[in-house]
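The residues making up each chain are set out below.
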Amino acid sequence: MAFKILKKSKKSKARLGVIETCHGPIRTPAFIPVGTKATVKGVTIDQLKSIGSDALLCNTYHLYLKPGDELIKKHGGLHGFMKWDKPIFTDSGGFQVFSLGLSIEHGVGKIIGELQGKNEKDTFRGTKNRKPLVKVTDEGVAFQSFLDGSKHFFTPEKSIKIQENLGADIIVAFDECPSPLSDYEYTKKAMERTHAWAARSLKAFKNKKKQELWGVVQGGEFKDLREISAKYINSLNFSGFAIGGFFGKSKKTMYQVLNWTNQYLDENKPKHLLGIGKVEDIIAGVKAGLDTFDCVIPTRLGRNGTALINKSELSLRSSKFLTSKDPISKTCRCYTCSNKFSRGYLSHLVRSGEMLAGTLITLHNLTFMEDLMASLRDKIKHGLL
């Protein structure tokens, strides 16, 4: 892999670049659609290519459980299995340490927002009153499968082996993602585990001719921990970096975290922001010097009848749209808008529970994200960002 910086902004830390992989280039800044189970829900590979997506991200933990990484390896890895011939990222399974553990225990989800009043749970939506499905130790993480209750033990070594079998171009070191409600001491402990697991992941990584391994920076919303983590992960022999975990209880804190972190990471290596996909957050991330972003928001919103438009969201589930003959956006190039599927028709599909609704709105949302990134790249190129 080679990362080339084509232009640096004079107005911010934004940069225009390209990541070269064995399966082609990724133009940066880039939004990476999420195909959790080796599919971007509701859309085909050809549709993704027509949108202009350069890469996809798949989920290590889910694919390990079903259908299994060994089976996928027999199909030629994810590229052969999915029939996607462009670059693929895989995460490490580290987010599931949170989503199946502290997320359940604390009754919170990993979302960012302003606190409402005094109750933190007004901001964080979670899964309270369920039994956690993981147990974390320094050695690794014991998972109980949410599919059949079977027990599994993930270590950094196992995560790397699974990702090597999956055959993604860019893979990620195993890490522990703490909860939004984790205190300083636990966040520090999770960071230290992440550092130890990063070193073990590097040692276990063998497939260096075809894959690149990126390290994860943790540290929650605490400045000193973020700086310690960024310096340590930067000192290791990773070819790129991912910034993960919880970023604070407000947008302002999140943007501070990105600036605290990025200044200690080698500027000649690519940087990925894990699981963040709101328009304003991506723009802030690009200005902070980040290169790639992944998030389920565009596809999840699409499946639930919500379209992205400008910097807002349009819920087509509302009956007020049934009489509208307008497309989602008159200026959008997506399949849905260019073929003039009306808001009225889409609202009917959503309200009727038709599968086509999710496909048509997801195509719009992913096109919206791709065009947003193309616009940001153009602004950097012309010195406007």
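About the cut-offs
- Residues numbered from 1 in each chain as written.
- Predicted model: local features only at pLDDT ≥ 70, side-chain atom pairs only at ≥ 80, totals over all residues.
- Heavy atoms only, no water.
- Helix = DSSP H or I, 4+ residues; strand = E, 2+ residues; numbered from the N terminus.
- Rg over C-alpha atoms; globule rule 2.2 N^0.38 Å.
- Buried < 20%, exposed > 50% of the residue type's maximum accessible area, 1.4 Å probe, protein only.
- Contact = heavy atoms within 4.5 Å.
- Areas by Shrake-Rupley, 256 points an atom, 1.4 Å probe, with all protein chains shown as cover.
- Pairing = 2+ DSSP bridges.
- Axes fitted to C-alpha atoms, helices over the stretch in contact; angles between N-to-C directions.
- Core = buried A, V, L, I, M, F, W, Y, C linked by side-chain atoms within 4.5 Å.
- pLDDT = per-residue confidence, 0-100.
- Parallel < 35°, antiparallel > 145°, perpendicular 65-115°, else oblique.
- Left-handed = near helix turned anticlockwise from the far one by under 90°.

> Just checking my understanding: could you explain the overall build of the protein for this structure?
Along its length, the protein carries 14 helices and 16 strands. In terms of overall dimensions, the protein is globule-like: its C-alpha atoms have a radius of gyration of 20 Å, near the 21 Å expected for 385 residues. For the C-alpha atoms alone, the extent of the protein along its principal axes is close to 60 × 50 × 50 Å. Each of the 385 residues in the protein was classed as buried or not, and the buried ones make up 58%. Of all intrachain contacts in the protein linking residues separated by at least 6 positions in sequence, the fraction that spans at least 24 positions is 67%. Counting every atom, the protein has about 16800 Å² of accessible surface; 51% of that belongs to carbon and sulfur.

> Would you explain the sheet that holds strand 2 (residues 15-21) in this entry?
Strand pairing in a sheet relies on backbone hydrogen bonds, with the paired strands running either antiparallel or parallel. Read from one edge of the open sheet, three strands run 1-2-3, paired in antiparallel fashion. The sheet terminates laterally at strand 1 (2-8) and strand 3 (24-28), the two strands that pair on one side only. Pairs of neighbouring strands in the sheet enclose a mean axial angle of 15 degrees, with direction left out of account. Here strand 2 runs beside strand 3; their pairing, made up of five bridges, is antiparallel. From the neighbouring strand, Gly17 faces strand 3, where its bridge partner is Thr28.

> Looking at this model, I keep getting lost on unusual backbone geometry. Mind explaining?
The phi angle of most residues is negative, glycine excepted, and most peptide bonds adopt the trans form. With an omega of 5 degrees, the peptide bond between Thr28 and Pro29 qualifies as cis. Here Pro29 is to be found in the loop between strand 3 and strand 4 (30-33). Lys66 connects to Pro67 through a cis peptide bond whose omega is 10 degrees. Positioned with a positive phi, Lys83 is a non-glycine residue whose angle comes to about 65 degrees. In this fold, Lys83 is placed in the loop between helix 4 (77-82) and strand 6 (88-90). Relative accessible area serves as the criterion here: at 62%, Lys83 is assigned to the exposed category. We note that Lys340 has phi near 60 degrees; this positive angle belongs to a residue other than glycine. Summarising the element assignment, Lys340 is placed in the loop between helix 12 (335-338) and helix 13 (343-352). Assessed through its relative accessible area of 65%, Lys340 is described here as exposed.

> Honestly, the sheet that holds strand 9 (residues 151-154) in this entry has me stumped. Any pointers?
With antiparallel pairing, the three strands of this open sheet are ordered in space as 7-8-9. Only two strands of the sheet have a single partner each, and these edge strands are strand 7 (134-136) and strand 9. In this sheet, adjacent strand axes meet at a mean angle of 15 degrees when their direction is disregarded. Note that strand 7 and strand 8 (residues 141-144) share three bridges and pair antiparallel. Residue pairing across strands places Lys135 opposite Ala142, the latter belonging to strand 8.

> Teacher, can you tell me more about the nonpolar core here?
It is characteristic of soluble globular proteins that their nonpolar side chains tend to be buried jointly. One finds Leu78, Met82, Leu273 and Val286 to be the most contacted residues of the largest nonpolar core, which totals 72 residues. With eight residues, the top contributor of residues to this core is helix 14 (residues 355-381). The contacts of Val286, once residues within four sequence positions are left out, are Lys13, Ala14, Pro29, Phe293, Met373, Leu376, Ile380 and Leu385. Ranked by size, the runner-up nonpolar core spans 15 residues in total, among them Leu316, Cys332, Cys334 and Ala357.

> Would you mind going over the confidence of the model for the protein with me for this structure?
If pLDDT is low for a region, its predicted coordinates should not be looked at in detail. Mean pLDDT over the protein: 91, with 92% of residues reaching 70 or higher. Across residues 112-127, confidence stays below pLDDT 50; counting only partners more than four residues off in sequence or on other chains, it has 44 contacts.

> I'm lost on the environment of Gly17 in this one. Help?
Relative to the elements of secondary structure, Gly17 occurs in strand 2. Here the alpha-carbon distance between Gly17 and Phe241, two residues 224 residues apart in the chain, equals 15 Å. Ignoring sequence-local partners within four residues, the contact set of Gly17 consists of Phe3, Lys4, Ile5, Leu6, Ile26, Arg27 and Thr28.

> What am I meant to see in the packing of helix 13 against helix 14 here?
Two numbers describe a pair of packed helices, the interaxial angle and the distance between the axes. Two numbers describe how helix 13 lies on helix 14: the axes approach to 7 Å, and their chain directions differ by 130 degrees. In this view, helix 13 runs oblique relative to helix 14, as classed from their interaxial angle. For the pair helix 13 and helix 14, the sense of crossing is left-handed. When helix 13 is examined against helix 14, the residues Tyr345, Leu346, Leu349 and Val350 are found in contact with a partner set consisting of Leu356, Ala357, Leu360 and Ile361.

> Just to check I follow, could you spell out the packing of helix 10 (residues 279-287) against helix 14 for this structure?
At a closest axis distance of 12 Å, the pairing of helix 10 and helix 14 adopts a crossing angle of 30 degrees. Judged on the interaxial angle alone, helix 14 and helix 10 are roughly parallel. Judged by the twist between their axes, the crossing of helix 10 over helix 14 is right-handed. Here Val279, Ile282, Ile283 and Val286 of helix 10 lie close against helix 14, whose contacting residues are Phe368, Met369, Leu372, Met373, Leu376 and Ile380.

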